[in-house]
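Next come the chains, spelled out residue by residue.
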Amino acid sequence: MNARLPFILSSLLLLISSCEEKIDLDLHQAAARVVIDAQLTDASPVQRIRISHSVGFDDAVNTSGIKGATVIVRDNQNWSYSFQYEKDGYYIHRNFMPTAGRVYTLSVNVNKVQYLASCQMPSYVAVDSTAISQKSIAGKSYFFATLTFKDPARVSNYYIYLLAINGGPFRFASAQSDQFNDGLKVTHYITDLETDLSPGDHVSVRRYCVDQKTYQYWNEYQSNTMSNAPGNPRSNISNNALGYFSVAPSKEYKLQIGK
């Protein structure tokens, strides 16, 4: 990681991110655990959940896909969605559009062990404007994608951002909350954690409005990344699983940095 980015991001997020307890884990010696990556959204009716086993921290690939699991999502309106295995640990449902306000429960059965999690899908907080912002920090200039919006008053809101540059893969960029700006007009500053943005870059930002447990997961990941402290964020899934289960509305925003 670029050594100066933790300083940049911690400076920008200090007023809007709460402190969370770090969890340090001996990843070199830890036994294999089930990993469940389940981010469901309303961006598409095709939903994907990956089930895998953790492997050694130093291995080239840090998870190995699990075949033969039973994966079901149910909501509090008595709808049930059974996910089918395709490949590399991915289980797919191709006609499932989640609805804000509903409570969803994930049930995963691996070798007769059941893993459970639940999540109530929040409503999306609309963005009023997007832009590219240039800031000087410690004598150097950096570019940020910015999203400005009115945070709903007297409601706890949590936001996750992923960012892709020039058509590349989406990577986690930021976890933010309204702890210090509830009900205010807010601007979030988003940048890549590994590569500085440059003039001419095309930037895509995915924004998720998530529940508190999903925010806590990604905020711990963010804190561990900034401090270069290896560790697994707290999962909201039972039975000592790694990973997380989230059902969240999302939208994607495309910007370009002027030359």
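Above this text you will find the structure in question.
Below is a summary of the structure that appears in this document. Computed from a predicted structure; not experimentally measured. (Residues numbered from 1 in each chain as written. Predicted model: local features only at pLDDT ≥ 70, side-chain atom pairs only at ≥ 80, totals over all residues. Heavy atoms only, no water.)

## A closer look at the packing of aromatic side chains
Step number 1: Applying the stated criterion across every chain yields a total of 13 aromatic pairs.
Step number 2: Ring geometry for F172 versus W218: centroids 4.9 Å apart, planes at 15°, classification stacked. In this pair, F172 is assigned in strand β12 (residues 171–177) and W218 in helix α2 (residues 212–226), connecting sequence segments 46 residues apart.
Step number 3: Judged by relative accessible area, F172 falls into the buried class, the value being 11%.
Step number 4: Note on W218: relative accessible area 15%, which makes it buried.
Step number 5: Residues W218 and Y221 carry aromatic rings whose centres are separated by 5.3 Å and whose planes lie at 75° to one another, so their mutual orientation is edge-to-face. One end of the pair, W218, and the other, Y221, are both in helix α2, 3 residues apart, so they sit about a helical turn from each other.
Step number 6: What links up through ring pairs into an aromatic cluster is the set F172, Y217, W218, Y221 and Y244.
Step number 7: When the ring centre of F149 is taken as reference, the NZ or CZ atom of R207 above it lies at 4.5 Å.
Step number 8: Above the plane of the ring of Y124 lies K251, whose end atom (NZ or CZ) is 5.5 Å from the centre. (Phe/Tyr/Trp six-rings, centres within 6.5 Å; stacked < 30°, edge-to-face > 60°. Helix = DSSP H or I, 4+ residues; strand = E, 2+ residues; numbered from the N terminus. Buried < 20%, exposed > 50% of the residue type's maximum accessible area, 1.4 Å probe, protein only. Lys NZ or Arg CZ within 6 Å of the ring centre and 35° of its normal.)

## Considerations on the sheet that holds strand β14 (residues 202–210)
Step number 1: If you trace the 4 strands from one edge of the open sheet to the other, you get β12-β11-β14-β16, paired in antiparallel fashion. The strands lining the two open edges of the sheet, one partner per strand, are β12 and β16 (250–256). For this sheet, the mean angle separating the axes of adjacent strands, direction not counted, is 25°.
Step number 2: Sheet topology note: the strand β11 (residues 158–165)/β12 ladder contains 6 bridges and is antiparallel. Opposite Y161, over in β12, you have S174 as the bridge partner.
Step number 3: Set on the sheet, α2 makes contact with β11, β12 and β14; between it and β12 the angle comes to about 120°. (Pairing = 2+ DSSP bridges. Axes fitted to C-alpha atoms, helices over the stretch in contact; angles between N-to-C directions. Contact = heavy atoms within 4.5 Å.)

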